[in-house]
Amino acid sequence: MLPLFALAAFASTTLAAKPIHSHNDYLQAVPFWDAFNLSIMSVEADVWWQDSQLFVAHTSGAIDKTKTLDSLYLENIMGLINGSITSATPISVDNPLQLLIDMKSDGPTTFQPVWNALQPLRTAGHLTTYANGILTQGAVTVVGTGNTPLASVVALEPRDVFFDSDIRHLYSTLPSVGVTPQWGPEITPLASVDYSDVSNTAQMQALVLNAHDFKIRSRFWDTAANVATWNTFWAAGSDWVNADDLQAVSNAWAVFDSTVAPALEKAYAKQEL
Ligand SMILES: *[C@@H]1O[C@H](CO)[C@@H](O)[C@H](O)[C@H]1NC(C)=O
Ligand SMILES: *[C@@H]1O[C@H](CO)[C@@H](O)[C@H](O)[C@H]1NC(C)=O
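What comes next concerns the included structure. (Residues numbered from 1 in each chain as written. Chains lettered and ligands numbered in written order. Predicted model: local features only at pLDDT ≥ 70, side-chain atom pairs only at ≥ 80, totals over all residues. Heavy atoms only, no water.)

Comments concerning the side chain of Ser105
Put simply, the test is: Here a strand is any run of E in DSSP of at least two residues, a helix any run of H or I of at least four, and the numbering for each starts at the N terminus. Pairs of N or O atoms within 3.5 Å make up the polar contacts considered here, provided that, within protein, one atom can donate a hydrogen while the other can accept it, and that residues adjacent in sequence are counted only when both atoms are side-chain atoms. Every residue pair with non-hydrogen atoms within 4.5 Å of one another is taken to be in contact.
With respect to the element layout, Ser105 can be found in the loop between β4 (97-103) and α4 (107-117). Here the side chain of Ser105 touches Thr110 through a polar contact of 2.8 Å, side chain to side chain. The contacts of Ser105, once residues within four sequence positions are left out, are Val47, Trp48, Trp49, Thr110 and Asn147.

Some words on the pairing of strand β9 (residues 190-194)
Heads up, the condition is: Any residue under 20% of the maximum accessible area for its type is buried, any over 50% is exposed, and the rest in between are partly exposed; the area is computed with a 1.4 Å probe on protein chains only. Pairing between strands is defined by DSSP: at least two bridges between the two strands are required.
Across the five residues of β9, five count as buried, placing the element largely inside the fold. Where burial is concerned, the two faces of β9 agree: the one with Leu190, Ser192 and Asp194 and the one with Ala191 and Val193 are both buried. Two elements, strand β8 (residues 162-166) and β9, share three bridges in a ladder whose sense is parallel. Along β9, the bridge assignment pairs Asp164 with Leu190.

With respect to the pairing of strand β2 (residues 42-50)
Within β2, seven of the nine residues are buried, leaving the element largely enclosed by the surrounding structure. The pairing of β2 with β4 spans six bridges and is classified as parallel. Looking at β4, one finds that Glu44 is bridged to Leu100. Across four bridges, β2 lies against strand β3 (residues 53-56) in antiparallel orientation. Each residue of the ladder has a partner; that of Trp49, found in β3, is Leu54.

A few points about the site of ligand 2
Convention followed: Note on terminology: near, applied to a residue and a molecule or strand, indicates that one of the residue's heavy atoms is within 4 Å of it. Residue polarity is assigned by list, with Asp, Glu, Lys and Arg as charged and Ala, Val, Leu, Ile, Met, Phe, Trp, Tyr, Cys and Pro as nonpolar; anything else, Gly included, falls into the polar class.
Close to ligand 2 lie Glu75, Met78, Gly79, Asn82 and Ser84, which account for all nearby residues. One of the side-chain N or O atoms of Asn82 is found 2.4 Å from an oxygen atom in ligand 2. The residue makeup of the shell around ligand 2, split by class, is one nonpolar, three polar and one charged.

Things to note about the nonpolar core
Put simply, the test is: Nonpolar core, defined: a set of buried Ala, Val, Leu, Ile, Met, Phe, Trp, Tyr and Cys residues in which side-chain atoms within 4.5 Å join the residues together.
Among the nonpolar cores identified, the biggest contains 69 residues, and Leu69, Tyr73, Ile77, Ile91, Val140, Phe220 and Trp234 are the most heavily contacted of them. Element by element, the count of residues in this core is highest for helix α3 (residues 69-82), at eight residues. Not counting the four nearest positions on each side in its chain, Val140 is found in contact with Ile77, Ile81, Ile91, Leu97, Leu99, His126, Leu127 and Thr128. The next biggest cluster of nonpolar side chains, apart from the first, holds seven residues, and it includes Leu100, Leu135, Val143 and Leu190.

By themselves these figures say nothing about function.
Below, the structure written as structure tokens:
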């Protein structure tokens, strides 16, 4: 049985955005903005803790000292929320942003600086937070991936950095000491896997439904990049299609026929997004 708070939180936070995730977003021509201007409300930044800064880069060799988590992401996000940057559709609880922080440097060392960097958003009350058994949607949901240590996420109280778990293992017991013995959105609002580790479309569909049973959203990476593939994921009700060509995936979504999605997944149907 899922705790009631989890069900309530999920029901009240129907995915408001396009089901598109900007994979390696910092590699776009204009990081963050190319995605945001297409109403793509899930972006991914690879971060390296080096020289007391959080640089955003694919490899440590590609670090450009002007590109930090703050300069590319957190300042823009804060500006859009507080109105210092104007937008017709600012980031808000009703139009939330999912920020995937892929910790590339050592997880336990990188975790605290990432937590610290979120302090302005935290202080202003903009982060999705789990406290006292209640998950409260904020304007920004931060999900740690890559080397993010599960134990550090579980230990946070209140918790405002979440964990990208392996979607294949949600039925296993949470492998960490904690109050919750099973996976749920208060630990892992998002569960993912490399699509090359999935046997076929049927298994993918089962994984999506399993995740939704746990009120967890799904994402598959390392997927083929073509309209037929994206449609297959959307038809399965998969929540965040991994996109590198943001315009092409947005175009495909614009003409996707959501009536082919399973009836069970009607909360994800296009008209409600
Ligand atoms: C995004 O939209 C804003 C506001 O319309 C605009 O000023 C900015 O140039 C756009 N940026 C990109 C990269 O499209
Ligand atoms: C809004 O956010 C921007 C970007 O982080 C910051 O520079 C500015 O001081 C903030 N303004 C207010 C009123 O909080």
